[in-house]
Amino acid sequence: MDNDRKESHSIWFANEDIHDADEPYLPAIFNESFLDWTAEALSLAAFRMGRYGVFDKDANCHGTAGGAEDWTALPTIAAAVQREAAEALRDENMHVSTFEGWFIAATPIFRRNSAAILGALVYVGPADFPLAEGELYAQALHYRSCFYRGFEQVYVKDLLQEQQRNDRESSRRDALFLAAKRLYDQIDVSSVLNEMLHSLELLYPHSEFHLYLSQDYVDGDPRVRPLVFKNTAHDIVAKAFLDGKPATEKDRDGNMRLAIPLSGKQAAYGVLCITMAAGKRQDDLDLPAFLLLADTAGSAFENAKLYEQSNLLINELRLINEMTKRLNQSLRLKEIFQFATSELLTIFEADYCCVLQLNAEKGVFEVKSSNIPSMASETFSPEYGFCGMIYRTKEPLIISDYWNTRVVSSKLMDNTGSRSLIAAPIFADGEVVGVILVTHKLQNFFSYENYKLLQVMSTHIGLALTNASLHSEVRRMVITDNLTGLHARHYLDEQIQRRQRKDPFGSLILVDIDYFKKVNDTFGHQVGDRILVQVSRIISNAIRQNDIAARWGGEELAIYLPGVRTELALRIAERIRMQVAEETDPSVTVSCGISEWTFDQDKVSVESLFYRADMALYEAKNKGRNRIIAGSAS
């Protein structure tokens with residue numbers, strides 16, 4: 001009955017086995033489980049007379065213990081032990097031998113649920129004190145139980161950590177809910193600001209807060225200050241307000257400062273700034289939660305402001321503000337065009353809308369967005385129709401009755417049966433780069449106010465298009481190496497730094513093309529550039545999507561592998577080395593230096609990671625090139 005009950009209530013991970021994906025965690029489990037086994041084996045006579053060692057499936061030793069002299073300090077004995085361990089792992093059978101007065105026995109350790117090799121247990125003792133085969137086999141089984149006990153503890157630890165994270169998140173959500181409720185309960189500006197600062201004090205007790213308002217406000221709280229635009233290029237408060245998105249910086253003392261716009265649905269009213277002292281836990285500053293609270297406070301502030309003013313903004317200003325805000329939220333041209341078309345149709349209650357952009361290279365206007373499917377891919381000459389008129393005059397248009405006036409021919413008006421039209425140019429640097437056409441089937445449908453409002457909106461649409469175009473081009477140029485198509489070095493540095501704040505470990509591979517100067521001198525720089533492109537393509541195809549490859553400088557390339565230890569990085573580097581030698585034309589070879597970091601190192605930084613990889617690369621070159629060297633973690 002007891003057995004039946006145990007079987008029906010078995011712990012789910014009791015029969016779990018390791019998988020290939022668990023290999024990065026195995027060295028630590030080998031070490032810890034061997035210590036546990038050693039503590040339990042102290043009473044064994046063989047343990048006092050000899051010395052035990054445990055090896056992984058690649059014949060790497062993960063610790064020795066026992067009463068005999070440590071054979072790892074004796075090169076010849078250590079080599080003999082290494083051979084016996086490798087033989088046992090290869091043959092999957094026990095191997096016994098004597099060497100220089102020592103008895104050596106190695107037996108394989110198998111996984112829990114399969115015939116796959118887990119590692120090997122080795123005994124080394126005096127030749128006159130041999131160990132029975134069955135005894136070593138039993139000790140190997142004992143070690144395996146210690147190993148899987150440690151393996152199961154990893155599962156339990158992960159479960160506990162996940163539970164702790166869930167508890168913290170639940171507590172934070174409850175606190176945010178209460179803070180949001182208290183904020184929305186306030187109906188005047190002072191109460192909203194006081195409640196917001198009080199909630200922040202409760203949620204982030206180790207931080208300092210200031211609120212910078214863009215409008216006059218008198219209050220006794222010294223933390224509420226006016227927003228002053230001075231040296232905006234280096235002031236994150238002004239930058240956050242002008243860009244409409246969070247900005248961060250670190251001072252020389254390591255203090256972190258975060259500025260977030262205090263925004264409502266209609267406008268930004270100021271900037272909320274938080275400063276966290278160096279040395280405090282960074283996860284105390286839960287950025288999504290802080291953003292949510294700032295957003296909630298912004299909405300509550302706006303509601304209170306509207307209540308105090310006791311009137312509504314006129315519809316035209318509301319539309320302009322809302323559309324500008326939405327346009328600035330996106331830096332994608334397609335989204336901006338589509339949003340502009342949808343909003344213009346709604347605002348003006350129009351039947352049809354077309355947004356066209358000038359393609360300077362082809363010399364035509366292209367329809368970028370429209371609610372007319374047949375015009376989705378149309379192009380027009382800068383001399384044709386209303387586009388041509390606006391392009392030449394750089395002035396907006398209003399047509400009350402196209403059928404009776406027909407100053408120019410228009411495919412848009414003819415195909416849709418429209419009679420009324422308002423149109424405006426989209427400017428960039430004083431030049432017409434696009435045209436907005438809004439039409440309706442009724443004559444005299446659009447008012448002069450509509451005509452003026454479209455001019456204002458076209459200005460904001462033009463700014464959004466310019467910002468999106470510049471952002472896209474600048475970002476592409478900044479983070480990309482033009483020759484190889486790989487990322488630029490500074491982008492790699494930024495990404496490694498970001499990953500080191502949240503990952504437990506990672507590896508860096510530096511790749512250097514051997515005798516690259518000789519290639520340039522022999523074949524010319526154009527062939528040298530072609531070799532760089534070929535090697536870069538091989539690297540790009542050999543890594544994962546979230547790995548980062550960059551041109552480090554000259555003929556040196558770098559690859560950062562997040563969440564990867566040295567063992568796997570060596571295999572990736574070897575694959576790249578072999579493919580370069582086989583696939584490049586003219587054929588070249590590469591040398592690689594590898595370094596890794598882990599969260600428990602005394603110094604974790606981009607500089608130390610690159611330094612160790614560079615030293616390893618230097619060693620690879622000195623040892624004859626076309627090889628891979630892994631740098632030391634110290």
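Before reading on, note that the structure itself is shown above.
First things first, this report covers the structure right here in the doc. Fair warning: this is a prediction, and the values are worked out from it, not measured in the lab.

**Points about helix α4 (residues 75-91)**
Here is step 1 of the chain: Over its 17 residues, α4 runs 24 Å from end to end, which matches the ideal 24 Å to within 8%, given 1.5 Å per residue.
Here is step 2 of the chain: Residues of α4 that are buried include every one of Ile77, Ala78, Ala80, Val81, Glu84, Ala85, Ala88 and Leu89, and no others.
Here is step 3 of the chain: Those residues of α4 that are buried lie in contact with β1 (51-56), β3 (95-99), β4 (102-110) and β5 (117-126).
Here is step 4 of the chain: The first or second residue beyond α4 is Glu92, which carries a positive phi of 60 degrees.

**Side note on the sheet that holds β5**
Here is step 1 of the chain: The five strands are arranged β2-β1-β5-β4-β3 in an open sheet whose pairing can be described as antiparallel. The open sheet is flanked by β2 (61-66) and β3, the only strands paired with a single partner. Strand-to-strand twist of the sheet, defined as the mean angle between neighbouring strand axes without regard to direction, takes the value 20 degrees.
Here is step 2 of the chain: Summarising the sheet, β4 and β5 pair through nine bridges and their orientation is antiparallel. Among the inter-strand pairings, Phe103 is bridged to a residue of β5, identified as Gly125.
Here is step 3 of the chain: Seen against the sheet, α4 touches β1, β3, β4 and β5 and runs at an angle of roughly 165 degrees to β3.
Here is step 4 of the chain: In the packing of helix α5 (residues 133-185) onto the sheet, the strands contacted are β1, β4 and β5, and the crossing angle to β4 comes to about 45 degrees.

**A closer look at the sheet that holds strand β17 (residues 505-513)**
Here is step 1 of the chain: The strand order β18-β19-β17-β20-β21 describes an open sheet built from five strands, whose pairing is mixed. The open sheet is flanked by β18 (548-553) and β21 (628-630), the only strands paired with a single partner. Going from strand to strand, the sheet's axes swing by 20 degrees on average, the running direction of each strand aside.
Here is step 2 of the chain: Contacts from helix α18 (residues 566-583) reach β17, β19 (556-562), β20 (590-598) and β21 within the one sheet, and its direction differs from that of β20 by about 165 degrees.

**Overview of a positive patch on the surface**
Here is step 1 of the chain: Residues Lys250, Arg498, Arg501 and Lys502 make up a contiguous surface patch of positive charge.
Here is step 2 of the chain: Lys250 sits in the exposed class, given a relative accessible area of 59%.

**Brief notes about the pattern of salt bridges**
Here is step 1 of the chain: Overall, the coordinates contain 21 salt bridges when judged by the stated rule.
Here is step 2 of the chain: Where Arg392 meets Glu383, a salt bridge forms, and the shortest distance between an N and an O atom there is 3.7 Å.
Here is step 3 of the chain: Since its relative accessible area comes to 55%, Glu383 is described here as exposed.
Here is step 4 of the chain: Taking the shortest distance from any N to any O, the salt bridge between Glu431 and Lys394 comes out at 3.6 Å. One end of the pair, Glu431, is in strand β16 (residues 431-440); the other, Lys394, is in the loop between α11 (385-393) and β14 (397-399), and 37 residues separate them in sequence.
Here is step 5 of the chain: The exposure class of Lys394 is partly exposed, given its relative accessible area of 33%.
Here is step 6 of the chain: Among the ionic contacts, a cluster of salt bridges with common partners joins Asp512, Glu556 and Lys621.

**Here we look at the packing of aromatic side chains**
Ring pairs (aromatic) are described by centroid distance and by the angle formed between their planes.
Here is step 1 of the chain: Under the counting rule described, the total for this entry stands at 18 aromatic pairs.
Here is step 2 of the chain: When the ring of Phe34 is compared with that of Trp37, the centres are 5.8 Å apart and the planes differ by 20 degrees; the resulting orientation is stacked. Highlighted residues: Phe34 and Trp37, both in helix α2 (residues 26-41), separated by three residues, approximately one helical turn.
Here is step 3 of the chain: For Trp37, a relative accessible area of 0% puts it in the buried group.
Here is step 4 of the chain: Ring centres of Tyr148 and Phe151 lie 6.1 Å apart, and the angle between their planes is 90 degrees; on these two criteria the pair is classed as edge-to-face.

**Overview of the packing of α5 against helix α6 (residues 189-203)**
Here is step 1 of the chain: Where α5 contacts α6, the two axes come as close as 9 Å, and the packing angle between them is 165 degrees. Relative to α6, the element α5 lies roughly antiparallel. For the pair α5 and α6, the sense of crossing is right-handed. Counted together, Arg172, Ala175, Leu176, Ala179, Arg182 and Leu183 of α5 and Val192, Glu195, Met196, Ser199, Leu202 and Leu203 of α6 form the full contact between these two elements.

**Let's talk about the environment of Arg223**
Here is step 1 of the chain: Residue position: Arg223 is located in the loop between β6 (207-213) and β7 (224-226).
Here is step 2 of the chain: With a relative accessible area of 22%, Arg223 lands in the partly exposed category.
Here is step 3 of the chain: Along the backbone, Arg223 and Phe209 are 14 residues apart, and their C-alpha atoms lie at a distance of 6.8 Å.
Here is step 4 of the chain: Setting aside residues up to four positions removed in sequence, Arg223 forms contacts with Leu197, Glu201, Phe209, His210 and Leu211.
Here is step 5 of the chain: There is a polar contact of 2.4 Å between the side chain of Arg223 and the side chain of Glu201.

**A closer look at a nonpolar patch on the surface**
Here is step 1 of the chain: A contiguous nonpolar patch, built from Tyr611, Met615 and Tyr618 and spanning about 360 Å² of accessible area, is present on the exposed surface.
Here is step 2 of the chain: By the element assignment, Tyr611 lies in helix α19 (residues 606-622).
Here is step 3 of the chain: The exposure class assigned to Tyr611 is exposed, which follows from its relative accessible area of 53%.

**Regarding the environment of Gln455**
Here is step 1 of the chain: For Gln455, the location among the structural elements is in helix α14 (residues 448-479).
Here is step 2 of the chain: Sequence-wise, Gln455 and Ala423 are 32 residues apart; in three dimensions their C-alpha atoms are separated by 8.3 Å.
Here is step 3 of the chain: When neighbours within four sequence positions are excluded, Gln455 is seen to be in contact with Pro396 and Ala424.

**Remarks on unusual backbone geometry**
Apart from glycine, the bulk of residues carry a negative phi angle, and the bulk of peptide bonds sit in the trans form.
Here is step 1 of the chain: The omega torsion of the bond from Asp585 to Pro586 falls at 0 degrees, within 30 degrees of zero and hence cis.
Here is step 2 of the chain: Checked against the element boundaries, Pro586 lands in the loop between α18 and β20.
Here is step 3 of the chain: One non-glycine residue, Arg406, adopts positive backbone phi at about 35 degrees.
Here is step 4 of the chain: Position of Arg406 relative to the elements: it lies in the loop between α12 (402-405) and α13 (411-416).
Here is step 5 of the chain: The backbone of Asn626 sits at a positive phi, close to 50 degrees, despite the residue not being glycine.
Here is step 6 of the chain: Counting through the fold element by element, Asn626 comes out in the loop between α19 and β21.

Analysis parameters
Residues numbered from 1 in each chain as written. Predicted model: local features only at pLDDT ≥ 70, side-chain atom pairs only at ≥ 80, totals over all residues. Heavy atoms only, no water. Helix = DSSP H or I, 4+ residues; strand = E, 2+ residues; numbered from the N terminus. Expected span 1.5 Å × (residues − 1). Buried < 20%, exposed > 50% of the residue type's maximum accessible area, 1.4 Å probe, protein only. Contact = heavy atoms within 4.5 Å. Pairing = 2+ DSSP bridges. Axes fitted to C-alpha atoms, helices over the stretch in contact; angles between N-to-C directions. Patch = residues over 30% accessible without salt bridge, like charges linked within 9 Å, V, L, I, M, F, W, Y side chains within 5 Å. Areas by Shrake-Rupley, 256 points an atom, 1.4 Å probe, with all protein chains shown as cover. Salt bridge = Lys/Arg side-chain N within 4 Å of Asp/Glu carboxyl O. Lys, Arg positive; Asp, Glu negative; His and termini not counted. Charge placed at Lys NZ, Arg CZ, Asp CG, Glu CD. Phe/Tyr/Trp six-rings, centres within 6.5 Å; stacked < 30°, edge-to-face > 60°. Parallel < 35°, antiparallel > 145°, perpendicular 65-115°, else oblique. Left-handed = near helix turned anticlockwise from the far one by under 90°. Polar contact = N/O pair within 3.5 Å; in protein donor to acceptor, adjacent residues only side chain to side chain.

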